Amino acid sequence: MLRLHDTATGTVRPLEVREPGVVSMYVCGPTVYDVPHLGHGRFVLVFDVLRRYLTWSGYRVHHVSNITDVDDKIIDRANREGRTEAEVAAEYEAVWYEAIDALGVRRPDADPHATAYVERMVELIGELMDAGVAYRTSDGVYLDVGRVESYGLLARQTLESLQAGARVDVDDQKRSGHDFALWKAAKAGEPTWPSPWGGGRPGWHTECVVMSLDLLGEGFDVHGGGQDLAFPHHENERAQAVALGRTFARHWVHNGWVVVGGEKMSKSLGNFTSLTDLLERVDGRAYRLLVLRSHYRSPLEVTPATTADATAALERLDNLARRAGEEALVDVEPDPAALVSFRAAMDDDLDTPAAMAMLFDLVRAANSALDAGDHAAAARSVATVREMASAVGLALRTDAAALDHDVAAMVAARDQARAAKDWPAADAAREALVARGWVVEDTPAGTRIRRR
RNA sequence: GGCGGCGUGGCCGAGUGGUUUAGGCAAGGGCCUGCAAAGCCCUGUACCCGGGUUCGAUUCCCGGCGCCGCCUCCA
């Protein structure tokens, strides 16, 4: 039974699902106004690992993750670049999925778009008005958070203490600084939809309530996202559901930041690296491994040093997989005892660092067994490594790169020279290969090369 | 001001009241190798500071110091 940290209680507690054997999870997706950065990469990896682990554990998982395609920043960009909002959103949604695919993250079962849900959002806002918890101002419709019971649950503070530190000037039309826009009246040049309160567009916090309840239903199991979404975004989603007497998420999961030199990576701080840039120089699997080696709620340093570290560790896994292929190890069942330990670690609030430690212990065991010629033991360890790796979405690479004629000729030259014990010629061939970015290894079967 | 988190060996990053230990990377030594690479073996004696509890604390409590986050858009 998986135990997960729940932001609403501040405790690690069993994931009690609504329907046996099924997990419904909603993870807040991106606002598509710019390229994704490393923080986005981390959160999709974290929830991909959760999803895959749940699936591996035998659950059927319904995973919904939205695309916010109407928002101030999209409008700003469209205006700046003389394009339509739809064009901007489409462009960055494509970039988003390209990056996500490169990370080996499974796409959600559904990716609702805000613009497709405006009518339903208008309905929900109408219900909030009818319930007397929302009110109009000259620029839109707001939710009166003071009317919502337990507002502040996810911030783990009372409304009073939140207000005590409010950094925003209280708009005199708002009853409270924490009241938030459900509907924003359209200004000139902005996209607009009709509503009983005039043309405009929905506030950000409304889309996720409507879409999650529509696609997953009341009392869905997991609602997740980055820690900065807990408050106010998730708080505000919840407030709308609660105000209407709807049961919202049963379990709140939030992942920690990507940090650089101890500071949060964010757009506003300007210290971000785009995911696209990272993926140009680092294997997406290495980023996954880096994410897996820290706990999902801890801050994670992502720097050239830590990605290089993870890349080297990943190579160790790939080397084993290739070696296993060369030795033609037969497929056997994974070691059940090892899987019990693995499951225990993962069930403990996704203790992926412990799981990875087990994985690398098995890598050593497999290599040792291969060194000793014990193919049965090696096969079992390798099968276990594969099983654990696949449970968290880590694919091991075994395929050899295709060689062009020049490279193949250098390999042949080295084999000939070595057969003739012509060491200077053999070394020259190796140096030529290394210069082209290959790692050269001698094996009983001859020269083997792989990409650095 | 309110709320929360963190401070572990060269780096990243887990964890625990006490036998032997995370794990990875890097480093040094060794085995293997024509030399390498890969792999294996060995090595580091870490836990911010000061008190307290305890037979015993890196781990619990209190107090410092330092860092970070949320309370505004943000994964």
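Residues numbered from 1 in each chain as written. Chains lettered and ligands numbered in written order. Predicted model: local features only at pLDDT ≥ 70, side-chain atom pairs only at ≥ 80, totals over all residues. Heavy atoms only, no water.

> Can you tell me about the nonpolar core, naming the residues and giving the values?
Grouped together as the largest cluster of nonpolar side chains are 84 residues, with contacts concentrated most on Leu54, Leu275, Tyr287, Leu317 and Phe342. Two domains share this core, each providing at least three of its residues, namely domain 1 (3-264) and domain 2 (282-391). The next biggest cluster of nonpolar side chains, apart from the first, holds 40 residues, and it includes Tyr26, Leu182, Val209 and Trp252. (Core = buried A, V, L, I, M, F, W, Y, C linked by side-chain atoms within 4.5 Å. Buried < 20%, exposed > 50% of the residue type's maximum accessible area, 1.4 Å probe, protein only. Domains from an automatic or database assignment.)

> Report on the environment of Arg397, specifying residues and quantitative values.
Within the element layout of this structure, Arg397 appears in the loop between α13 (375-391) and α14 (405-419). A relative accessible area of 39% places Arg397 in the partly exposed class. Sequence spacing of Arg397 and Asn319 is 78 residues, and the spatial spacing of their C-alpha atoms is 8.4 Å. If we skip the residues at most four places from it in the chain, Arg397 touches Asp283, Arg285, Asp318 and Ala321. (Helix = DSSP H or I, 4+ residues; strand = E, 2+ residues; numbered from the N terminus. Contact = heavy atoms within 4.5 Å.)

> Would you mind going over the pairing of strand β7 (residues 180-185) in detail, with residue names and values included?
With four bridges connecting them, strand β6 (residues 140-143) and β7 associate as antiparallel partners. Across the sheet, the residue bridging to Leu143 is Phe180, located in β7. In this structure, β7 lies alongside strand β8 (residues 200-202), joined through three bridges in antiparallel fashion. Bridging across to β8, Lys184 finds its partner in Arg201. (Pairing = 2+ DSSP bridges.)

> Quick one: what's the story with the sheet that holds β8, residue by residue and with numbers?
Reading across the sheet, the four strands line up as β5-β6-β7-β8 and stay open at both edges, with antiparallel pairing between neighbours. Of all the strands in the sheet, just β5 (134-137) and β8 have a single pairing partner and so form its edges. Averaged over all adjacent pairs, the angle separating strand axes in this sheet is 25°, with direction ignored. Here four bridges tie β5 to β6, and the two strands are oriented antiparallel to one another. Among the inter-strand pairings, Thr137 is bridged to a residue of β6, identified as Gly140. (Axes fitted to C-alpha atoms, helices over the stretch in contact; angles between N-to-C directions.)

> Describe the state of the cysteines, and please don't skip the residues or the numbers.
Applying the stated criterion to the full structure yields zero disulfides. The cysteine Cys28 is free of any disulfide, with Cys208 supplying the nearest cysteine sulfur at 3.7 Å. (Disulfide = S-S within 2.5 Å.)

> Would you mind going over the pairing of strand β10 (residues 251-255) in detail, with residue names and values included?
Most of β10 is tucked away: five of the five residues are buried. Side chains His251, Val253 and Asn255 of β10 all project onto a buried face; the interleaved residues Trp252 and His254 project onto the opposite face, where all are buried too. Bridge count for strand β9 (residues 222-226) against β10 is five bridges, and the pairing is parallel. The residue of β10 that forms the bridge with Gly225 is His254. Once the chain exits β9 it traverses helix α7 (residues 230-243) before rejoining the sheet at β10, and the crossover so formed is right-handed. (Right-handed = clockwise from strand over helix to strand, strands pointing away.)

> Describe unusual backbone geometry, listing the residues and the values that go with them.
The amide bond that connects Phe231 to the next residue, Pro232, takes the cis arrangement and shows omega of 5°. Counting through the fold element by element, Pro232 comes out in helix α7. The backbone phi angle of Arg156 is positive, close to 60°, even though this residue is not glycine. On the secondary structure map, Arg156 appears in the loop between β6 and α5 (159-164). For Lys421, which is not glycine, the phi dihedral falls at a positive 55°.

> Residue-level account of the sheet that holds strand β11 (residues 258-260), with values.
Strand order in the open sheet formed by three strands is β12-β11-β13, and the pairing between neighbours is mixed. In the strand order of this sheet, the two ends are held by β12 (263-264) and β13 (300-301), each with one partner. Taken together, the two bridges between β11 and β12 define a ladder with antiparallel strand orientation. Paired with Val259 across the strands is Lys264, a residue of β12.

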